[in-house]
Every structure is written in structure tokens, then in C-alpha cells.
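Coordinate inspection notes
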Amino acid sequence: MGEWCIGVLGGSGLYAIDALEDARWRAVETSWGAPSDQILTGTIAGIRFAFLPRHGRGHRAIPSELNYRANIDALKRIGCTDLIALSAVGSLREELPPGRFVVVDQFIDNTRARPNSFFGPGLVAHVSMADPVCPRLAGFAAAAASRAGAPVTEGGTYVAIEGPQFGTRAESHMYRG
């Protein structure tokens, strides 16, 4: 296996990473347009690391405006071999209180205002999404969070809704089921 580069797509407020050595912001152009922001690169414990603030520094892009294709392409262009998306979200389960680190293994994408694929006219492909999360990387993330002292739950479902509004009470009850 070649040299690893861990890419992280993060939410609001994570713009300075204390453990990052040789940190610098890098602009990256993609075939899909501009990513959400420049990418913060460096190394952590000898591993190449890249961080892209999903909403841009200062939280200036609303969820339905995010160009996820450009974000993923930009991270790939700078050499990321593995991607982790971090989100601070609410829970629909009492046994998953605030502050718990959940490593999901499934997701439900109920977004409608953005393209849902890298494929389109002139390039057609069918991609299985039965198991959308890499179990190897999920295991690494769970182990790292546990070593850092976070309470961890392995396995869960992330529900993406069309933001920036939150779901209705009826939607929350439906997703809880």
C-alpha cells in the first residue's frame, strides 16, 4: 500500500488543529468547480493529513449549496487515500446523548437540491450503496476516538435532510423508527 493521506471533511468551528505540523492552507482547482474552501494540509504523527471545512471558514455556505463533488475531488487531487466526514448532529435515540461519538455504517440521503452522483450525461455507471462505509476506516476512527477518551458507539444511521432547516417533529418520529 502506498503512503496514506487522511482527508477530513469537517463542520463548523474546526479550523485550527493543534496537532497538525507544517500546517498550510492550499487552494485546489477541480473539474467540478470550487470546493467549499482551501484545504488545510500538514502531518499528524507522521501521517499526511488534509482538512476541508465543509461550510467554508466562517460558515458561509448553506448545506444545499455545498459542492460535494468539488470537495471530494479536491481532496483526491492532493493525494487523500481515505476520507472521513465529521458532523455535529442531533440524535433520535436517548441512548445516544450529546457528546457521544457515533461511527455510522449506513446513511439515508433525503437531500433533493443537489446532484446525487458523479455520473451523468455521457458517463453512466451503477454503484452499489448497500454498504456505503468502509469497515476498515470506521474501525480506525472508533479506536482513535476511544483512545482519546470519547464515548463511542459503532454502527448507526446518519440521516441527511435538506438544510439549513431542521426536520419536522413528524419527520423525526419517522426517522426514529
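Read on for an overview of the structure. In this text, all values refer to a predicted model and were calculated from it rather than measured experimentally. As a convention, each chain's residues are numbered from 1 in the sequence order in which they are written. Totals for whole chains, interfaces and linings use all residues, but because this is a predicted model, local features are given only for residues with pLDDT of at least 70 and pairs of side-chain atoms are given and counted only at 80 or more. Here the side-chain values reflect all heavy atoms present in the structure, with hydrogen atoms and water set aside.

It is worth spelling out the packing of aromatic side chains at this point. Each pair of aromatic rings taken from Phe, Tyr and Trp, with Trp reduced to its six-membered ring, is defined by centres within 6.5 Å and is described as stacked if the planes are under 30 degrees apart, edge-to-face if over 60, and tilted in the remaining cases. Following the criterion strictly, the structure yields 3 aromatic pairs and no others. Where Trp4 meets Phe140, the ring centres are 5.7 Å apart and the plane angle is 45°; that geometry is what we call tilted. Of this pair, Trp4 sits in the segment before β1 (5-10) while Phe140 sits in helix α2 (residues 135-147), and the two are 136 residues apart along the sequence. Accessibility here uses a 1.4 Å probe with only protein chains present; expressed as a share of the type maximum, an area under 20% marks a residue as buried, one over 50% as exposed, and anything in between as partly exposed. Trp4 gets classed as partly exposed once you look at its relative accessible area, which sits at 25%. Consider the rings of Trp32 and Phe118, whose centres lie 5.4 Å apart with planes at 80°: the pair is edge-to-face. Note that Trp32 is positioned in the loop between β2 (21-26) and β3 (39-44) and Phe118 in the loop between β7 (106-110) and α2, a separation of 86 residues in sequence. For Trp32, a relative accessible area of 31% corresponds to the partly exposed category. Over the aromatic face of Trp25 sits the side chain of Arg57, whose NZ or CZ is 3.8 Å from the ring centroid. The way it works is that DSSP assigns letters per residue, a run of H or I at least four long becomes a helix, a run of E at least two long becomes a strand, and they are numbered from the N terminus. Charges are assigned to positions over rings by a cutoff of 6 Å between ring centre and Lys NZ or Arg CZ, combined with an angular limit of 35 degrees from the ring normal.

Walk down a regular strand and you will see the side chains alternate between the two sheet faces. With 6 of 6 residues buried, β1 lies mostly within the body of the structure. Should DSSP find at least two bridges between two strands, the strands are taken to pair. Pairing of β1 with strand β5 (residues 82-85) involves 4 bridges; the strand directions are parallel. Within the sheet, the bridge partner assigned to Ile6 lies in β5 and is Asp82.

One turn of the α-helix equals 3.6 residues, which is why residues spaced by three or four share an orientation. Three or more residues of helix α1 (residues 68-77) are buried, namely Arg69, Ala70, Asn71, Asp73, Ala74 and Leu75. What makes two residues a contact is simply this: any of their non-hydrogen atoms within 4.5 Å. Its buried side turned inward, α1 meets β1, β3, β4 (47-53) and β5. With its phi angle positive at about 105°, Gly79 sits one or two positions after the end of α1.

A pair is scored as a salt bridge if a Lys or Arg side-chain nitrogen falls within 4 Å of a carboxyl oxygen belonging to Asp or Glu. Using the criterion set out here, one finds 5 salt bridges in the structure. The salt bridge involving Asp82 is made with Arg136; its shortest N-O contact spans 2.5 Å. Note that Asp82 is positioned in strand β5 and Arg136 in helix α2, a separation of 54 residues in sequence. The class of Arg136 is partly exposed, set by a relative accessible area of 35%. Connected through shared salt-bridge partners, Asp37, Arg57 and Arg60 make up one network.

A covalent bond between the sulfur atoms of two cysteines is referred to as a disulfide. Cysteine sulfur atoms are paired as a disulfide whenever they fall within 2.5 Å. Using the criterion set out here, one finds 0 disulfides in the structure. The thiol of Cys5 is unpaired, and the distance to the nearest cysteine sulfur, on Cys80, comes to 3.6 Å. What makes Cys5 buried here is its relative accessible area of 3%.

Strands pair in a sheet through their backbones, by hydrogen bonds, and they do so in one of two ways: parallel or antiparallel. If you trace the 5 strands from one edge of the open sheet to the other, you get β2-β3-β4-β1-β5, paired in mixed fashion. Edge positions in the open sheet fall to β2 and β5, since each of these has one partner strand only. Across the sheet, the axes of successive neighbouring strands diverge by a mean angle of 20°, strand direction being ignored. Relative to β4, β3 is paired through 5 bridges, and the arrangement is antiparallel. Axis lines are fitted to C-alpha atoms, over the contacting stretch for helices. Their N-to-C directions set the angle, which ranges from 0 to 180 degrees.

Joining through side-chain atoms within 4.5 Å is the link that ties buried Ala, Val, Leu, Ile, Met, Phe, Trp, Tyr and Cys residues into a set, and such a set is a nonpolar core. Residues Cys5, Leu9, Val28, Ile39, Ala50, Leu52, Ala74, Leu75, Ile78 and Cys80 constitute the largest nonpolar core, which totals 10 residues. Elements with a contribution of two residues or more to this core: β1, β4 and α1. Other than its neighbours up to four places away in sequence, Leu75 contacts Gly7, Leu9, Ile39, Ala50, Leu52, Cys80 and Leu83.

Turning our eyes to something else, we now look at the side chain of Asp82. The exposure class of Asp82 is buried, given its relative accessible area of 7%. In this structure the side chain of Asp82 is engaged in a polar contact, spanning 2.5 Å, whose partner is the side chain of Arg136. Ignoring sequence-local partners within four residues, the contact set of Asp82 consists of Trp4, Cys5, Ile6, Gly7, Arg136 and Leu137. Nitrogen and oxygen atoms within 3.5 Å of one another constitute a polar contact, given that in protein one can donate a hydrogen and the other can accept it, and given that sequence-neighbouring residues count only through two side-chain atoms.

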